[in-house]
Structure formats: structure tokens, C-alpha cells
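Notes for the structure review
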Amino acid sequence: MVDLVEPTLQSPEAVIQLLSARGGDSYFGEPVTVLEHCLQAAHFATADARSPELIVAALLHDVGHLLHDSGEDVADHGIDTRHEELAVYLLGQHLPPSVIEPIRLHVAAKRYLCAADPAYLAQLSPSSLLSLSLQGGPMAPAEAATFLAGPFALDAVILRRYDDDAKIEGLNVPGPEAYLDHLKALWL
Ligand SMILES: [Fe+2]
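Report on the accompanying structure. Nothing here was measured: the structure is a model prediction, and the numbers come from that model.

Thresholds applied
- Residues numbered from 1 in each chain as written.
- Predicted model: local features only at pLDDT ≥ 70, side-chain atom pairs only at ≥ 80, totals over all residues.
- Heavy atoms only, no water.
- Helix = DSSP H or I, 4+ residues; strand = E, 2+ residues; numbered from the N terminus.
- Buried < 20%, exposed > 50% of the residue type's maximum accessible area, 1.4 Å probe, protein only.
- Contact = heavy atoms within 4.5 Å.
- Areas by Shrake-Rupley, 256 points an atom, 1.4 Å probe, with all protein chains shown as cover.
- Axes fitted to C-alpha atoms, helices over the stretch in contact; angles between N-to-C directions.
- Parallel < 35°, antiparallel > 145°, perpendicular 65-115°, else oblique.
- Left-handed = near helix turned anticlockwise from the far one by under 90°.
- Nonpolar A, V, L, I, M, F, W, Y, C, P; charged D, E, K, R; others polar.
- Core = buried A, V, L, I, M, F, W, Y, C linked by side-chain atoms within 4.5 Å.

What follows covers the overall build of the protein chain. The number of helices and strands found in the protein chain is ten helices and zero strands. The order of α-helices and β-strands along the protein chain, N terminus first, is α-α-α-α-α-α-α-α-α-α. Taken over 188 residues, the protein chain has a buried fraction of 51%. For the protein chain, long-range pairs separated by at least 24 residues make up 74% of all intrachain contacts whose partners lie at least 6 apart in sequence. Split by element, the accessible area of the protein chain, about 8,500 Å² in all, is 55% carbon and sulfur.

Quick look at the structure:
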């Protein structure tokens with residue numbers, strides 16, 4: 001486990017503030033920052049008229065990467081930060097399962113897609129391939145079937161597609177505040 005830099009996230013405003021304040025690091029060898037990556041994923045979900053829950057899940061799916069200080073080259077050192085579990089740990093009591101579960105499952109969804117779709121595996125970026133190996137590699141057939149039968153698996157796969165697409169350098173999209181109303185409406 002890595003050291004956490006934020007012990008709690010007590011309000012929707014605090015979540016938006018965290019994204020804004022700590023999202024400036026580059027996103028693991030991709031040509032965008034973590035914040036740009038999250039905003040693009042949320043924008044793609046919005047453009048597809050997805051539910052507020054899935055839009056917020058897209059916005060926050062990588063918030064776990066903002067909660068540790070292990071550096072953006074952490075995967076190069078053979079460390080999986082389990083960022084999806086960090087997000088669940090800190091936000092699980094504040095957001096419903098329809099938001100939290102796709103976040104929790106978005107890494108599993110990548111491992112599922114790598115098993116189910118060879119074309120998906122073939123187009124992964126080098127940094128995504130490196131993290132895949134740390135995350136357990138493509139699912140075995142029985143594991144893939146179990147994953148797909150679980151609740152929110154389809155939402156997690158949809159989120160994963162936005163995650164993979166959200167690496168476009170210089171794309172102009174709305175900022176974090178655009179999602180504050182959704183976040184407030186879902187906050188528990
Ligand atoms: Fe991501």
C-alpha cells in the first residue's frame with residue numbers, strides 16, 4: 001500500500017478542489033495531465049448522454065492517482081498503486097454504488113476487454129500495457145464470465161472505453177466545476 005496524502009474528502013467541493021489542485025501531473029506517459037484525462041472522460045460520457053452517475057464515475061475514476069505521492073513513473077518501479085481501491089476507500093461512503101462500482105471495476109474492465117477483444121489489447125499504449133501486467137494481465141475465460149455477470153460490469157466497460165479515449169492532447173473540454181451540480185445531487 002502507498003501513503004495517502006488526503007485522509008478524507010468530505011464534500012463535493014473538496015473533490016472538485018482536489019482534482020483542480022493535484023491533477024496537473026502528466027498522466028503516466030500520455031500527452032495529457034491527470035486532470036485533462038478525467039475531464040475528457042467525463043466530457044465523452046456527457047456527450048453520449050450517459051447517466052449523471054456514469055458521468056461522475058468517469059470524472060472521478062482516477063481520483064485515486066491524486067491520493068498518493070508515489071510519482072507518475074510508479075508503474076516503472078513495478079508498483080500497482082491499486083488506485084481504484086483508493087478512490088473507493090475515500091469516496092465509498094459519499095457516493096452511491098452506481099458511481100463507486102464502475103470506478104472500482106474500471107481496472108477489471110480493462111483486463112476483461114483484453115481477454116474478450118484482441119483488437120482492444122493490440123491498441124493499448126505502452127504505459128497501459130505496463131500497468132496491465134502489474135494488474136494481473138488479461139482475464140482467464142472463467143474470470144471474464146464471472147466479471148461480466150456482476151452488477152455494474154457493463155457500466156465499468158463503458159467507463160473503460162472513455163478512459164482509453166481520454167488521452168487527446170489539447171482537447172478543449174469543460175472544467176471540473178461543470179460537474180459540481182451532478183456531484184452535489186449524488187452526494188450522500
Ligand atoms: Fe484513467
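Now, onward.
At a minimum axis separation of 10 Å, helix α5 (residues 97-116) and helix α8 (residues 141-149) run at an interaxial angle of 135°. If you check the angle between α5 and α8, you find them oblique. Relative to α8, α5 is oriented so that their crossing is left-handed. Where α5 abuts α8, its residues Leu-105, Ala-108, Ala-109, Arg-111 and Tyr-112 lie against Glu-143, Ala-144, Phe-147 and Leu-148. Tallied by class, residues from the contact of α5 with α8 come to seven nonpolar, no polar and two charged.

Considering the arrangement of structural elements, one finds Ser-128 in helix α7 (residues 126-135). For Ser-128, the residues in contact, after removing those within four places along its chain, are Lys-110, Arg-160 and Lys-167.

Let us look at the nonpolar core. Formed by 45 residues in total, the largest nonpolar core has its most connected members in Leu-59, Leu-60, Leu-91, Leu-95 and Leu-183. For this core, the elements supplying multiple residues, two or more each, are α1 (12-22), α2 (34-47), α3 (52-60), α4 (83-91), α5, α9 (153-165) and α10 (180-186). For this core, the element with the highest residue contribution is α2, accounting for eight residues. Those residues in contact with Leu-95 that sit more than four places away from it in its chain are Leu-60, Ile-100, Leu-183, Leu-186, Trp-187 and Leu-188. Of all hydrophobic cores here, the second largest spans 15 residues; its members include Cys-114, Tyr-120, Leu-124 and Ala-156.

Viewed as axis vectors pointing N to C, α5 and α7 meet at an angle of 100°, and their least axial separation amounts to 11 Å. Taken together, the axis directions place α5 and α7 in an arrangement best described as roughly perpendicular. For the pair formed by α5 and α7, the contact residues are Val-107, Lys-110, Arg-111 and Cys-114 on the first element and Ser-128, Ser-131, Leu-132 and Gln-135 on the second. Taken together, the residues of the contact of α5 with α7 sort by class into three nonpolar, three polar and two charged.

What follows is about the environment of Leu-35. Mapped onto the elements of the fold, Leu-35 is located in helix α2. Taking the relative accessible area as the measure of exposure, Leu-35 reaches 16% and is therefore buried. Excluding residues within four positions of it along the chain, Leu-35 makes contact with Leu-19, Ser-20, Gly-23 and Pro-176.

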